[in-house]
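Listed here are the chains, written in short residue letters.
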Amino acid sequence: MRLALAEAGRALPGGDVPVGAVVLAADGTTVLATGHNEREATGDPTAHAEVLALRRAAAELGEWRLSGCTLVVTLEPCVMCAGALVQSRVDRVVYGTRDEKAGAAGSLWDVVRDRRLNHRPEVIGGVLADDCARLLTDFFRHDR
């Protein structure tokens, strides 16, 4: 999660909400890819940290199936990102702070564990939640 927090800081110069993501290989330690929000910087509404990290991890592996991989992200994924996590077949999602307004991994919705879907990753929330929340609170207090 500390690597995801550092990645989130990379979003700040572009004016993006500081969310960072890391995709770990099946061994749980090898970093396949990282990403941070780039919506403002690129004008791309899909440029969320999770989506960018998943795309880069798939490119690194040469395959869209990320079976065995773990996505670590500072903020609970939204509906779009939760859908991408299900589609990419990651085994595990680890997130920092809950998103009561748009979270789709247990807060507002629970897309990633919906029994109607063909893949349901394990979800672990609340990892370094205070640090992750503080980064967002500071951003919205000072930068917006």
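Now for a quick tour of the structure.

The rules we used
- Residues numbered from 1 in each chain as written.
- Predicted model: local features only at pLDDT ≥ 70, side-chain atom pairs only at ≥ 80, totals over all residues.
- Heavy atoms only, no water.
- Patch = residues over 30% accessible without salt bridge, like charges linked within 9 Å, V, L, I, M, F, W, Y side chains within 5 Å.
- Areas by Shrake-Rupley, 256 points an atom, 1.4 Å probe, with all protein chains shown as cover.
- Salt bridge = Lys/Arg side-chain N within 4 Å of Asp/Glu carboxyl O.
- Helix = DSSP H or I, 4+ residues; strand = E, 2+ residues; numbered from the N terminus.
- Buried < 20%, exposed > 50% of the residue type's maximum accessible area, 1.4 Å probe, protein only.
- Core = buried A, V, L, I, M, F, W, Y, C linked by side-chain atoms within 4.5 Å.
- Contact = heavy atoms within 4.5 Å.

1. Concerning a nonpolar patch on the surface
The grouping of Val79, Leu108 and Trp109 at the surface amounts to a nonpolar patch, some 280 Å² of accessible area in total. As for its position among the elements, tryptophan 109 is in the loop between β4 (92–97) and β5 (122–124). The class for tryptophan 109 is partly exposed, based on a relative accessible area of 44%.

2. Concerning the nonpolar core
Counting residues in each nonpolar core, the largest one holds 29 residues, and the members touching the most others are Val19, Val23, Leu54, Leu66, Leu71, Leu85 and Val112. Elements with a minimum of two residues in this core: β1 (20–24), β2 (31–36), α3 (49–61), β3 (70–75), α4 (79–88), β4 and α5 (129–142). Of the residues forming this core, the biggest block, five residues, is contributed by α3. Apart from residues no more than four positions distant in its own chain, valine 19 is found in contact with Ala8, Gly35, His36, Asn37, Ala49, Val73, Thr74, Leu75 and Leu136. Core analysis: the next-biggest nonpolar cluster, separate from the first, contains eight residues, Leu5, Leu24, Val94 and Cys132 among them.

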